[in-house]
Amino acid sequence: MDVLFASSQSVVALGDSHRIPPTVLIVTLVAACAHAVWNAIAHWVPDKLVSITLVNAGGALCAIPLVLMAAPPDPRCWVFLGASTALHIVYNAMLMMSYRLGDLSQTYPLARGTSPLVVTLIAAVIFSETPRNGQLAGILLISIGLACLVFWGHRTNPSRPSAITAAVVTGTMIAAYTTVDGIGVRESSSTFGYIGWLMLLEGLAVPFYAVATRRGRLWSEIRPVWKIGLTGGVLSFLAYGLILWAQTRGALADIAALRESSIIVGALIGTLIFGERFGSARIVATLAVVAGIGTLYLA
C-alpha cells in the first residue's frame, strides 16, 4: 500500500504540469497513429483469435531484446506488471468480441473515447479530484459523442448491443491498464525493462490460449495472414512502448488524452479502407469525442 500511495502521489505531482515537451507530443501522436493502424489490421483479419494471436506474438517477439538487454525493473513494480497483464488479457478478449460484432468506425472511437472519460471519473471518485469547469465541458462533449455513436449510429448502421457493450468494456480496461502502467513504469527504475517484461508477459497469454484451443488447426489458419498479423504486432509494440516512455516524461492524464487522437485515424481507416458507412452523424460524434478529449487536456 505504501508503494501504491507514493506512486499515486507522484502521478498527482506530474499531473500538475500542463505543458508537454514537443518531443513527447510528437512521440504520443506517432504512437496514436501506430495504434490505429494495428487495430485496423486486427479488424481486417477475419478470424479475430488469429489476428489478436499474431499481434500479441509480434509484440512478444519485439519485447525479447528489451528483456535480455535492458536493466530489470525494480521488484516493487512487479505487482503493477501482474495487474496490467491481467487487465490486458481481459482487454484482448473484449477487443476480439467488439471487432467480431461491430464496425471499426463505431467500436474503435467508442472504446478509445470511453477511456479518458473513465479515468476522469475514477480520479473524481477515488482521489476526490473535483473536475474543473473545462474538464466538465470535456466530459460533456465526450459523453454526447459516445451517445451519438451508440444511438444514432445504431439507427443509420445498426450494431449489436453486445458489440457496443464489448467496446465500452474495452475502453474501461484501457483506462485501468493505462493507470496501472503509468504508475508501474515510474516505479520500475528501468523504462525499457518494464516495457519489455510487460509486452512479453501479456503477449504470451493469447497465443498460449490459441494453441490450446485450436491445436493442429492453428498454423493452417495463421499461414495466410501471418505477415500482416506480425506487422500489426510490431506496430502494437511500438505504439504502447512509446506511450509508456511518454508517461515517464509527461502528466498521465495529458498523455492518455492525447493518445486518443487515434480515434480520428481509426474512423478514417474504417471509412476509406473498409468502406464502412460513416455518415454525418458519426462524423459529428467522432469530432465531439475528439473535441472533448482536447478540452480535457487543455483544462
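Residue numbers run consecutively from 1 along every chain, following the written order of its sequence. In keeping with the predicted nature of the model, local features appear solely for residues at pLDDT of at least 70, side-chain atom pairs appear and are counted solely at 80 or more, and the whole-chain, interface and lining totals rest on all residues. In computing side-chain properties, one takes all heavy atoms of the structure into account and sets aside hydrogens as well as water.

Peer 1: Looking at this structure, I do not really get the overall build of the protein chain. What am I missing?
Peer 2: In DSSP terms, a helix is any run of H or I states spanning at least four residues, a strand is any run of E spanning at least two, and both are numbered starting from the N terminus. The number of helices and strands found in the protein chain is 13 helices and 0 strands. Exposed residues in this analysis have more than 50% of their type's maximum accessible area, buried residues have under 20%, and partly exposed residues fall in between, with area computed by a 1.4 Å probe over protein chains only. Looking at the protein chain as a whole, 53% of its 299 residues are labelled buried. Partitioning the contacts of the protein chain with sequence separation of at least 6, the portion at a separation of at least 24 is 91%. Throughout, a residue-residue contact means that at least one pair of heavy atoms, one from each residue, lies within 4.5 Å.

Peer 1: Can you walk me through the side chain of Glu202 in this structure?
Peer 2: As for its position among the elements, Glu202 is in helix 8 (residues 191-214). Exposure remark for Glu202: the relative accessible area of 8% places this residue in the buried category. Residues within four places of Glu202 in sequence aside, it is in contact with Asn56, Thr85, His88 and Asn92.

Peer 1: Help me understand empty space enclosed by the protein, please; the structure alone is not making it clear to me.
Peer 2: Rolled over the atoms, a probe sized like a water molecule indicates the empty space that remains. Note on definitions: the grid is 1 Å and covers protein atoms alone; a cavity is a set of points where a 1.4 Å probe fits but cannot get out; a pocket is an open set with protein on both sides within 12 Å along at least five of seven lines; lining residues have an atom within 4 Å of a point. Grid points are joined across faces, edges and corners, and a volume is the space filled by probe spheres set on the points. According to the stated counting rule, one finds 2 cavities of 30 Å³ or more in the structure shown. By volume, the largest cavity is sized at about 180 Å³. Lining of the largest cavity is provided by 16 residues; of these, Trp38, His88, Met199, Glu202 and Ser236 occupy positions nearest its centre. Going through the elements one at a time, helix 2 (22-44), helix 3 (48-69), helix 4 (78-101), helix 8 and helix 10 (226-247) are the ones with two or more residues in the lining of the largest cavity. For the lining of the largest cavity, the leading source of residues is helix 3, giving 4 residues. The class makeup of the residues in the lining of the largest cavity is 7 nonpolar, 7 polar and 2 charged. Taken together, His35, Asn39, Tyr91, Leu95, Ser98, Tyr99, Thr107, Tyr108, Ala111, Arg112, Thr170 and Ile174 make up the full set of residues lining the second largest cavity. Counting only elements with at least two residues in the lining of the second largest cavity, the list comes to helix 2, helix 4, helix 5 (104-126) and helix 7 (161-187). Class assignment of the residues belonging to the lining of the second largest cavity gives a composition of 6 nonpolar, 5 polar and 1 charged. Gly counts as polar in this scheme, as do all residues outside two lists: the nonpolar Ala, Val, Leu, Ile, Met, Phe, Trp, Tyr, Cys and Pro, and the charged Asp, Glu, Lys and Arg.

Peer 1: I keep staring at the pattern of salt bridges and nothing clicks. Help me out?
Peer 2: Within this document, salt bridges are pairs made up of a side-chain nitrogen of Lys or Arg and a carboxyl oxygen of Asp or Glu, the two lying within 4 Å of each other. Inspection of the entire model under this criterion finds 5 salt bridges. The partner of Asp47 in a salt bridge is Arg214, and the shortest N-O contact between them spans 2.9 Å. Here Asp47 is found in the loop between helix 2 and helix 3, whereas its partner Arg214 is found in helix 8, with 167 residues between them in sequence. The partner of Arg76 in a salt bridge is Glu187, and the shortest N-O contact between them spans 3.3 Å. With Arg76 in the loop between helix 3 and helix 4 and Glu187 in helix 7, the pair connects residues that are 111 residues apart, well separated along the chain. Connected through salt bridges with shared partners, the residues Asp47, Arg214, Arg217 and Glu221 form a single ionic network.

Peer 1: In this structure, what is going on with unusual backbone geometry? I would like to understand it.
Peer 2: Most peptide bonds are trans, and most residues other than glycine sit at a negative phi. Although it is not a glycine, Ser189 adopts a positive phi angle of roughly 65°. Within the fold, Ser189 resides in the loop between helix 7 and helix 8. Residue classification places Ser189 among the exposed residues on the basis of a relative accessible area of 63%. In this structure, Arg215 takes a positive phi of about 50° despite not being glycine. Its location among the elements puts Arg215 in the loop between helix 8 and helix 9 (218-222). We classify Arg215 as exposed; its relative accessible area is 66%.

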